[in-house]
Amino acid sequence: MTIKECRRYLRKWKQTETSLNRLKTEKRVIEETIQALYELTLIPADGQPHGNQVTHPTEDKALRIIELMHENEHRTEDIDRRICKAEMYLKKVELAMTVAKNAGLLRRYYHDRLPMQKLADEMHIGKATAWRYETEGIRSICDLL
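Residues numbered from 1 in each chain as written. Predicted model: local features only at pLDDT ≥ 70, side-chain atom pairs only at ≥ 80, totals over all residues. Heavy atoms only, no water.

K.L.:
Any chance you could explain the layout of surface pockets here in plain terms?
P.N.:
Where empty space is left in the structure can be found by rolling a water-sized probe over the atoms. In this structure, the largest pocket spans a volume of roughly 330 Å³. If you trace the largest pocket, you find it lined by Tyr9, Lys12, Gln15, Thr16, Ser19, Leu23, Arg82, Lys85, Ala86, Met88 and Tyr89. At the level of secondary structure, the elements contributing two or more residues to the lining of the largest pocket comprise helix H2 (13-38) and helix H3 (57-99). Top element by residues in the lining of the largest pocket is H3. It accounts for five residues. Per-class residue counts for the lining of the largest pocket are five nonpolar, three polar and three charged. (1 Å grid on protein atoms, 1.4 Å probe; cavity = no way out; pocket = protein on both sides within 12 Å on 5 of 7 lines; lining within 4 Å. Points joined across faces, edges and corners; volume = space filled by probe spheres on them. Helix = DSSP H or I, 4+ residues; strand = E, 2+ residues; numbered from the N terminus. Nonpolar A, V, L, I, M, F, W, Y, C, P; charged D, E, K, R; others polar.)

K.L.:
For this particular structure, what's the right way to read the pattern of salt bridges?
P.N.:
Following the criterion strictly, the structure yields twelve salt bridges and no others. Its salt-bridge partner being Glu26, residue Arg22 comes within 3.8 Å of it at the nearest N-O pair. Here Arg22 pairs with Glu26, and both are found in helix H2, just four residues apart, close to one helical turn. Salt-bridge contacts for Arg75 lead to Asp78; the nearest nitrogen and oxygen are separated by 2.9 Å. Of this pair, Arg75 and Asp78 both sit in helix H3, separated by three residues, roughly a single helical turn. (Salt bridge = Lys/Arg side-chain N within 4 Å of Asp/Glu carboxyl O.)

K.L.:
Explanation requested: the packing of aromatic side chains in the structure shown.
P.N.:
The description of an aromatic ring pair uses the distance of the two centres, along with the angle that the planes make with each other. A complete count under the given rule lists three aromatic pairs for this structure. Ring centres of Tyr9 and Tyr89 lie 4.8 Å apart, and the angle between their planes is 50 degrees; this geometry places the pair in the tilted category. Pair noted here: Tyr9 is in helix H1 (residues 3-11) and Tyr89 is in helix H3, with a separation of 80 residues, a long-range link. Seen from their ring centres, Tyr109 and Tyr110 are 4.8 Å apart, and the 85 degrees between their planes marks the pair as edge-to-face. The same class applies to Tyr109 as to Tyr110, namely buried. One aromatic cluster is present, built from ring pairs that chain together Tyr109, Tyr110 and Trp131. (Phe/Tyr/Trp six-rings, centres within 6.5 Å; stacked < 30°, edge-to-face > 60°. Buried < 20%, exposed > 50% of the residue type's maximum accessible area, 1.4 Å probe, protein only.)

K.L.:
Before we go on, may I ask you to explain unusual backbone geometry in this structure?
P.N.:
With the exception of glycine, the majority of residues adopt a negative phi angle, and the majority of peptide bonds are in the trans configuration. Here the phi dihedral of Asn102 falls at roughly 55 degrees; this positive angle occurs in a residue that is not glycine. Despite not being glycine, His124 shows a phi value in the positive range, around 60 degrees. Position of His124 among the secondary structure elements: in the loop between helix H5 (116-123) and helix H6 (127-141). Its relative accessible area of 73% is what places His124 among the exposed residues.

K.L.:
Can you help me understand a positive patch on the surface in this one?
P.N.:
A cluster of like positive charges, contributed by Lys4, Arg8, Arg11, Lys12 and Lys85, occupies part of the molecular surface. The element contributing the most residues to the positive patch is H1, with three residues. Overall, the relative accessible area of 60% leaves Lys85 in the exposed class. (Patch = residues over 30% accessible without salt bridge, like charges linked within 9 Å, V, L, I, M, F, W, Y side chains within 5 Å. Areas by Shrake-Rupley, 256 points an atom, 1.4 Å probe, with all protein chains shown as cover. Lys, Arg positive; Asp, Glu negative; His and termini not counted. Charge placed at Lys NZ, Arg CZ, Asp CG, Glu CD.)

K.L.:
Sorry if this is basic, but what is going on with the side chain of Glu134 here?
P.N.:
Locating Glu134 in the fold gives a position in helix H6. Of the residues examined, Glu134 reaches a relative accessible area of 0% and is grouped as buried. A distance of 2.4 Å separates the side chain of Glu134 from the side chain of Tyr110, its partner in a polar contact. Setting aside anything within four residues of it in sequence, one finds Glu134 in contact with Arg7, Leu105, Leu106, Tyr110 and Met116. (Polar contact = N/O pair within 3.5 Å; in protein donor to acceptor, adjacent residues only side chain to side chain. Contact = heavy atoms within 4.5 Å.)

K.L.:
I would appreciate a short explanation of the packing of H1 against H6 in the present structure.
P.N.:
Axes are the key here: two packed helices are described by the angle between their axes and the distance separating the axes. Running from N to C, H1 and H6 cross one another at 95 degrees; their axes reach a closest spacing of 10 Å. In this view, H1 runs roughly perpendicular relative to H6, as classed from their interaxial angle. Of the residues in H6, those in contact with Ile3, Cys6, Arg7 and Leu10 of H1 are Glu134, Thr135, Ile138, Arg139 and Ile141. By residue class, the composition of the contact of H1 with H6 is five nonpolar, one polar and three charged. (Axes fitted to C-alpha atoms, helices over the stretch in contact; angles between N-to-C directions. Parallel < 35°, antiparallel > 145°, perpendicular 65-115°, else oblique.)

Purely geometric stuff here, so don't read any function into it on its own.
Structure follows, in structure tokens:
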């Protein structure tokens, strides 16, 4: 991977983390919605007739659960696929950061999105030196990404 490709790859770091959290939340909401239908609902027995038709509340609920599961089947499969892809990306980046030179600078620049001038000021170095450190760090992980 070239240095330019590595930089482009790392720029997706924060966005992928945010996307992963959003996908997990969306999947949890779908699962909770379906799970909520499993709970029993009791009709109060007051001894009075409530119409002249026979109802099947358990069957109706089971059909609704099956319908919801089918409606969301493709969506949950897509969410699972995207979660897996995002987790693999993040694990790959975290692994690369364990062996990277100047990993702290790379993390602050690509993950925390701090401007290079601010990083240089924090490290008490010049901006050009900070960019050299960034390039060293990128070169050290290009083969891993």
